[in-house]
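Residue strings, one per chain:
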Amino acid sequence: AFRFLVLDPYAVSTVGASTPAAAHAARHTLLARNPNNLSHPGANWSRGLSGLDLRFLPFNGGVGPAQLAWLRDALASAHAA
């Protein structure tokens, strides 16, 4: 048997957030981790960033705590099967 797990990689995002609160949280996180002017289209949003800090760009997204908890449970269930 196969199980397919599908996540929403833009649940926490400024471009595809699942709720306005998630979009606000994403903006707050970006502003805290990226010193560039993120409200200016066409700007070099990655200036001064390197390595893992390149994750903090307005066109990237992430999974939220609820999805991570669901994923942990789904993986544990699949492992036990």
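Use the structure listed above.
Figured I'd write up the structure that's included with this text. (Residues numbered from 1 in each chain as written. Predicted model: local features only at pLDDT ≥ 70, side-chain atom pairs only at ≥ 80, totals over all residues. Heavy atoms only, no water.)

## Considerations on the overall build of the chain
- Counting secondary structure elements, the chain contains 2 helices and 2 strands.
- Starting at the N terminus and walking to the C terminus, you meet the elements of the chain as β-α-β-α.
- Here the C-alpha atoms of the chain give a radius of gyration of 16 Å, more than 25% beyond the 12 Å that 2.2 N^0.38 yields for 81 residues.
- Each principal axis of the C-alpha distribution contributes one length, and for the chain these read about 50 × 30 × 20 Å.
- Expressed as a percentage of its 81 residues, the buried residues of the chain come to 21%.
- Roughly 5900 Å² of accessible area belongs to the chain as shown, and the carbon and sulfur atoms make up 63% of that amount. (Helix = DSSP H or I, 4+ residues; strand = E, 2+ residues; numbered from the N terminus. Rg over C-alpha atoms; globule rule 2.2 N^0.38 Å. Buried < 20%, exposed > 50% of the residue type's maximum accessible area, 1.4 Å probe, protein only. Areas by Shrake-Rupley, 256 points an atom, 1.4 Å probe, with all protein chains shown as cover.)

## With respect to the side chain of Ser-13
- With respect to the helices, strands and loops of the structure, Ser-13 is situated in strand β1 (residues 12-13).
- From its side chain, Ser-13 meets the backbone nitrogen of Val-15 in a polar contact 2.9 Å long.
- A distance of 3.3 Å separates the side chain of Ser-13 from the backbone nitrogen of Gly-16, its partner in a polar contact.
- In contact with Ser-13, not counting residues within four places along its chain, are Ala-22, Ala-23, Ala-26, Asn-60 and Gly-61. (Polar contact = N/O pair within 3.5 Å; in protein donor to acceptor, adjacent residues only side chain to side chain. Contact = heavy atoms within 4.5 Å.)

## What to know about the pattern of salt bridges
- Taken as a whole, this structure holds 1 salt bridge when the rule is applied.
- Across the pair Asp-53 and Arg-33 runs a salt bridge whose closest N-O atoms are separated by 3.4 Å. Within this pair, whereas Asp-53 is found in the loop between α1 (20-33) and β2 (61-62), its partner Arg-33 is found in helix α1, the two being separated by 20 residues in sequence.
- With a relative accessible area of 31%, Asp-53 lands in the partly exposed category. (Salt bridge = Lys/Arg side-chain N within 4 Å of Asp/Glu carboxyl O.)

## Thoughts on the nonpolar core
- In terms of nonpolar packing, the biggest core is built from 6 residues, these being Leu-30, Leu-38, Trp-45, Leu-49, Phe-56 and Leu-57.
- Apart from residues lying up to four places away in sequence, Leu-38 is in contact with Leu-30, Trp-45 and Pro-58. (Core = buried A, V, L, I, M, F, W, Y, C linked by side-chain atoms within 4.5 Å.)

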